[in-house]
Amino acid sequence: MALTSWKAFNFFTVTPIKTTEEPETAPPLFQDVDITSLTTGSDNLFLGTSDSKVHVVNSSFKIVRTFSTFEGGFTQGGGAITHLKQVEGTSLLITVSEDLSSEPVLKVWALDKLEKKTGEPRCQSSLTVNNGRKQFPTSAFATTPSLTTCAVGFANGSITLIRGDLIHDRGTKQRIIFESEEPITNLCFSPPGDVVKGHRNITGNDGGDTLYVSTTARILTLSTVGKAAGQPAKVLESHGCGVGCMTPALDFSSDERGLLREGGDIVVARDDALYFYGPNGRGACYSYDGPKQLVKVFKNYISLVSPPASRPSTAVAGGRSYGVSDTLKRLVGKAPTNSATDELFEFTKFTLLDTELKFIAHSDRVVSGVRDIFSSWGDFFVLSLDGTLYRYHEVSLQEKLDILYARNLFILAINLAQKAGITEAKLRGIYRRYADYLYGKGDYDGSMQWYIKALGPANEGGVSTVIRKFLDTQRIHNLIEYLEELHKHDCATSDHTTLLLNCYAKLKDIIKLETFIKQSPEDGLKFDVDTAIGMCRQAGYFEQAVYLAEKQQEHDIVVSIMVENLEKIADALAYIQRLEPDSAYSNLMKYAKVFLEKSPQRTTEILVEYYSGKYIPLKEVKDSTVPQQKEQDGGFQSYLNASLLQQLPYMGSTSQSNTPTQNNGSPAKGTAQTSSPGEAGTIPLVLPKQYSPPKPRTAFSSFVDNPVEFIDFLEKILYHGESTGKLSENDRIDIYTTLFEIYLQRANVSKTKDEKRKWEAKAKKIIESKEALVDTSNVLLLSHLADFKDGTTLVREKQGLRFDIFRSCCSAGDTTGALRTLKKYGPEEPELYPAALAYFTSSPKVLRDVGEVELGRILKIIDEQGLMKPLQVVQTLGNNAVATVGMVKRYLGDTIERERKEIKSNRKMIETYRQETTKKAAEISELGSKPTVFQAQRCQSCALPLDLPTVHFLCKHSFHQRCLNVADGDTLECITCGPTNQTIRTLKRSQDEAAERHDRFKVMLDAEGKDKFGVISDYFGKGVMAAPPLLD
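Notes on the structure follow. (Residues numbered from 1 in each chain as written. Predicted model: local features only at pLDDT ≥ 70, side-chain atom pairs only at ≥ 80, totals over all residues. Heavy atoms only, no water.)

In this section: the overall build of the protein chain. For the protein chain, the helix and strand inventory stands at 33 helices and 33 strands. Taking all 1032 residues of the protein chain together, 44% fall into the buried category. If you take every contact in the protein chain between residues at least 6 apart in sequence, the share linking residues at least 24 apart comes to 54%. When the accessible surface of the protein chain is split by element, carbon and sulfur atoms take 51% of a total near 54100 Å². (Helix = DSSP H or I, 4+ residues; strand = E, 2+ residues; numbered from the N terminus. Buried < 20%, exposed > 50% of the residue type's maximum accessible area, 1.4 Å probe, protein only. Contact = heavy atoms within 4.5 Å. Areas by Shrake-Rupley, 256 points an atom, 1.4 Å probe, with all protein chains shown as cover.)

What describes a pair of aromatic rings is the distance from one ring centre to the other and the angle between the planes of the rings. The final tally for this structure, using the stated rule, is 38 aromatic pairs. Summarising the aromatic geometry, the rings of Phe-298 and Phe-380 are spaced 5.3 Å apart at their centres and angled 50° between planes, so their arrangement reads as tilted. Of this pair, Phe-298 sits in strand β23 (residues 294-298) while Phe-380 sits in strand β28 (residues 379-384); the two residues are 82 residues apart in sequence, bridging distant segments of the chain. Relative accessible area serves as the criterion here: at 2%, Phe-298 is assigned to the buried category. Of the aromatic side chains, those joined through ring pairs into one cluster are Tyr-585, Tyr-610, Tyr-611, Tyr-615, Tyr-691, Phe-700, Phe-703, Phe-710 and Phe-713. One cation-aromatic arrangement involves Arg-270 over Tyr-275; the distance from NZ or CZ to the ring centre is 4.1 Å. A cation over an aromatic ring shows up here: Lys-956 above the ring of Phe-934, its NZ or CZ 5.7 Å from the ring centre. (Phe/Tyr/Trp six-rings, centres within 6.5 Å; stacked < 30°, edge-to-face > 60°. Lys NZ or Arg CZ within 6 Å of the ring centre and 35° of its normal.)

A few words on the environment of Cys-809. Mapped onto the secondary structure, Cys-809 falls in helix α23 (residues 802-812). Between the C-alpha atoms of Cys-809 and Leu-819, which are ten residues apart in sequence, the distance is 9.2 Å.

Turning our attention to the packing of helix α18 (residues 707-724) against helix α19 (residues 729-748). Between α18 and α19, the shortest axis-to-axis distance is 10 Å and the interhelical angle comes to 145°. Classified by chirality, the crossing of α19 by α18 is left-handed. Touching Pro-707, Val-708, Phe-710, Ile-711, Leu-714, Glu-715, Ile-717, Leu-718 and Glu-722 of α18 are Arg-732, Ile-735, Tyr-736, Thr-738, Leu-739, Ile-742, Tyr-743 and Arg-746, all from α19. Tallied by class, residues from the contact of α18 with α19 come to twelve nonpolar, one polar and four charged. (Axes fitted to C-alpha atoms, helices over the stretch in contact; angles between N-to-C directions. Left-handed = near helix turned anticlockwise from the far one by under 90°. Nonpolar A, V, L, I, M, F, W, Y, C, P; charged D, E, K, R; others polar.)

On to the sheet that holds strand β5 (residues 53-57). Strands sit in the order β3-β4-β5-β6 across an open sheet of four strands; the sheet is antiparallel. Each edge of the sheet is formed by a strand with only one pairing partner; in this case those strands are β3 (35-41) and β6 (63-68). Sheet twist, expressed as the mean angle between neighbouring strand axes with direction ignored, is 20°. In terms of strand pairing, strand β4 (residues 44-49) meets β5 through four bridges, oriented antiparallel. (Pairing = 2+ DSSP bridges.)

When we look at burial in helix α9 (residues 510-518), the residues that qualify are Ile-510, Leu-513, Glu-514, Phe-516 and Ile-517. The buried residues of α9 occupy an angular sector of 160° when projected down its axis, which confines them to one face. Where α9 is buried, its residues meet α7 (476-488), α8 (494-507), α10 (529-539) and α11 (542-551). (Arc of directions from axis to C-beta.)

Side-chain positions along a regular strand alternate between the two faces of the sheet. Burial of the side chains of strand β20 (residues 266-269) extends over both faces: Ile-266 and Val-268 are buried on one face and Val-267 and Ala-269 on the other. Alignment of strand β19 (residues 246-248) against β20, held across three bridges, turns out to be antiparallel. Within the sheet, the bridge partner assigned to Met-246 lies in β20 and is Val-268. The pairing of β20 with strand β21 (residues 273-278) spans four bridges and is classified as antiparallel. In the sheet register, Ala-269 faces β21, and the bridge partner there is Leu-274.

Turning to unusual backbone geometry, a few remarks are in order. Between Leu-948 and the following residue, Pro-949, the backbone shows a cis peptide bond with an omega angle of -5°. Backbone geometry places Ser-52, a non-glycine residue, at a positive phi of 70°. Tracing the chain through its elements places Ser-52 in the loop between β4 and β5. Located in the positive-phi region is Leu-147, a residue other than glycine, with phi close to 65°. With respect to the helices and strands, the residue Leu-147 is situated in the loop between β11 (138-143) and β12 (149-154).

Further remarks concern the nonpolar core. Soluble globular proteins: nonpolar side chains tend toward being buried together. Core analysis: the largest hydrophobic core is formed by 124 residues, its most contacted members being Phe-11, Ile-430, Tyr-482, Phe-595, Phe-713, Leu-739 and Phe-740. In terms of residue count, the dominant contributor to this core is α19 (eight residues). Beyond its immediate stretch of four places on either side in the chain, Leu-739 contacts Ile-711, Leu-714, Glu-715, Leu-718 and Ile-766. Within the second largest apolar cluster, 29 residues are counted, among which are Ile-219, Ala-284, Tyr-288 and Val-297. (Core = buried A, V, L, I, M, F, W, Y, C linked by side-chain atoms within 4.5 Å.)

This next bit is on a nonpolar patch on the surface. The grouping of Leu-927, Phe-934 and Leu-954 at the surface amounts to a nonpolar patch, some 260 Å² of accessible area in total. Relative to the helices and strands, Phe-934 is located in the loop between α29 (885-929) and β32 (950-952). A relative accessible area of 30% means that Phe-934 is categorised as partly exposed. (Patch = residues over 30% accessible without salt bridge, like charges linked within 9 Å, V, L, I, M, F, W, Y side chains within 5 Å. Salt bridge = Lys/Arg side-chain N within 4 Å of Asp/Glu carboxyl O.)

As a further point, take the side chain of His-957. In this structure, His-957 sits in the loop between β32 and β33 (958-960). Setting aside anything within four residues of it in sequence, one finds His-957 in contact with Gln-940, Val-951, His-952, Cys-974, Thr-976 and Cys-977.

The next subject is the pattern of salt bridges. In this structure the tally under the stated criterion is 23 salt bridges. Between Asp-436 and Lys-469 there is a salt bridge whose closest N-O contact spans 3.1 Å. With Asp-436 in helix α4 (residues 424-440) and Lys-469 in helix α6 (residues 460-469), the pair connects residues that are 33 residues apart, well separated along the chain. For Asp-436, a relative accessible area of 31% gives the class partly exposed. The partner of Asp-734 in a salt bridge is Arg-697, with the nearest N and O atoms 2.8 Å apart. Remark: Arg-697 occurs in the loop between β31 (682-684) and α18 and Asp-734 occurs in helix α19; sequence separation between them is 37 residues. Looking at Asp-734, the relative accessible area reads 19%, which means it is buried. Connected through salt bridges with shared partners, the residues Lys-299, Glu-394 and Lys-400 form a single ionic network.

The strand order β15-β16-β17-β18 describes an open sheet built from four strands, whose pairing is antiparallel. What marks the edges here is a single partner per strand, and that holds for β15 (184-189) and β18 (234-237). Neighbour to neighbour, the strand axes of the sheet diverge by 25° on average, direction disregarded. Relative to β18, strand β17 (residues 219-223) is paired through three bridges, and the arrangement is antiparallel. Each bridged residue has a counterpart across the sheet, and for Ile-219 the counterpart in β18 is Glu-237.

Of note, Val-152 is situated in strand β12. In the structure, Val-152 is positioned 14 residues away from Thr-138 in sequence and 6.9 Å away in space, judged by C-alpha atoms. With sequence-adjacent residues up to four places away left out, Val-152 is seen in contact with Val-129, Thr-138, Ala-140, Phe-141, Ser-158, Ile-159, Thr-160, Ile-162 and Leu-187.

With that out of the way, let us pick up the environment of Tyr-504. Locating Tyr-504 in the fold gives a position in helix α8. Measuring from C-alpha to C-alpha, the distance between Tyr-504 and Glu-514 comes to 9.8 Å, with ten residues separating the pair along the chain. Among all residues touching Tyr-504, those that are not within four sequence positions of it are Ile-480, Glu-484, Asp-509, Lys-512, Leu-513 and Phe-516.

A word on the side chain of Asp-251. As for its position among the elements, Asp-251 is in the loop between β19 and β20. Here the side chain of Asp-251 touches Lys-299 through a polar contact of 3.0 Å, landing on its backbone nitrogen. (Polar contact = N/O pair within 3.5 Å; in protein donor to acceptor, adjacent residues only side chain to side chain.)

Structure follows, in structure tokens:
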């Protein structure tokens, strides 16, 4: 590629160097210095002069040291210093001095070691370079970084190789390794094998295995080590180059990688082009027509000096060779006598090239001509023939990019930024800028490609701007492409996912929609699944939404779509049965009413299994023999196979459970809860997850509209719970109470009496059970609401509330029930007869239903058991005009006759008490006035014959004194009559105390229901009414 087609820029700033102390009108810096050679290294510039002196210049461009390479007392070392080399990273400096009267002298100087006498650097070693005693000037010099190998080229075409320890002067060997008829113009050793960043380390691979040689007619290589040493030179090119027109493709003073990537170790400048050469031949080539004077590598650039066209070139073009005399004169520091630089309008051109990116980084004109070029302190320098030194400082990367932006050279800017190794964030900014430029030009497809490349976290702020640019319907395909890339880069938000799915929906591109949602994260596509599901549902793509939700384990959403959108109740139930217990429960309860409405039997079975603790998730087994159904809109495959679902356990219309059962519906003992995989499309998991069944009452509300299924559910749960003992007391109460209520409801809506009796019998069974768990108040309330009289009766009977049973019959006007209750409970509850008497005589109709015979029987029982006073009976019957005197005539007659007999008996008893009282009074009087005769022969206590001392009591009882066990001074009392006497005394004392409790008498007299006359009689007998005793 010709350099004339390359873009040219000014990426360097040029500054003439002047010392700070010098005025602006001062002459050029090195005008008075006869410079014959120069080199850089260790942050210094070294200048060799024609009078054998070396000037050391620091970064401030001040000569800090000058010393002579000509040592007094030695005949060697005089003349001009034609070559200088500083070993980077050390304080060693190599000088090659010569004059045409003697052979050149090579010396190694230790700049950090000074001679005590002179104060000048110490010469580590010195040797005369052998050229076969031929007086020809040195034209080229090269050395390895460790100074173990040096090569010196001469104008007569010979090359001398020097090996040894030049640093410590431990001996060296020289030999001429090459001779030719063409002058040697340049020498370069091959670079180290590990040329990387930090290549200045000379302790590693030293390189130098191959010596590159250029003459005025050829480019050759010589092997300097190994078995290949001594073999003839290998010709790489039959065209040579001039002095200074060959250089290593690596800048040893910089950390840049240089130009080794161009396929060669050296760069050669000829009048027709720039060439790269390696050990195997020529590499890259860049056409650049014109004379060449000097070439150097600076960082990643090639610096090139081109003399005026009228001046002879030091390079070689094609097979022509000219300008050699000028080259030789230049070697000794003298310009040609016929130089065209004296002409006013002629100038030397200086150029910096970037061969990788193929642009000219800088181009400048030097009117006075160029003596030499070098790099140091991170800059490039040009030394003109008049002694002026120019600094070329590379501008920052941002300034370069700004220059390229101004010229709309975005591709070059991107390549330059990539080469500079800037961060991805900054690089994406350049992509974005280029995309904006293309969008402004109307290249929407091209701009979209660069917008996509600009995607990244640092560009998130600009995503919305790009999207707004492509919202036009005509550019919707570009927008889709951009949104897809956003998801691939994991930069998309929920809004972006929504927009992308909207675009698919607008285009009705089902294939792309399915492709988008079916791609796995490993494929690089990432998006907000919740947003995608919501968008698919909103757009009507329910199958796709189900696919996404199932893939993301969003079980709630899967069931929701099946029930609310697809209305696939059977599929939803099948899906729920494959879930873990927790997920299955939440989804089952959420749509339980819908499931019971559409599929009541199957739903009830699932609920029974779950609440019984027998739920086992089903595992789907793919059956390759059954073709999968396809949807008509685009062939989207449903995630379920409807034909298989009908065969799954728990899903058939007649299946009850996947567990073997006995006749009574309970699980058979000793059987495993498994299903046959060959018989159905699913099998239970081997190790089901354990869970705690919820309380049955949580499912009650779901069965509001399904009473039959509700009864089935409750009965099965109750049976399982009672058989396993896992049902708590509270749960059993809830189930029994609910069953009792729903039994009564079903009885009330029954169409036949047999059906009604069946439900009522079930309700009675709950109440009649030994362990009735239904609360009495609930039974009474529910029975009343359902008009279930037997329930009320059973509860009251069970709780002993027989009077309430009779009263409820009376309140309901159930005369037959009242009679039945009276006959059943009358013997145990006599109080029922007075109530029955009042009820049966409450109305003529009731009395007719009862009959006079039954009424007489009741009156007889009342009379016999004394349940009512005759007066009370008369008052009860007299409250209404229902009962006649004829109905109670017999009762009244019997009562009067009995009362007469009782009066007669009482009068007789009174007479008897009077007689006894008179008799007792006479006996007491006799005891106090007449002697008493004791005729007892035996002791009343021990039954032994009496002997003295004997004690006789007035009650006619006699005892041995020893049998009384009475101590001296104690009152003697008959031990036979003593307990009776003590009881009498206690009663008398209590009567005396009661006689003083007038407040107690008043309370009893005011008590409701008490017979006041009886109370007065009782207290009169206790002496309350007696007159108080007289005080002495």
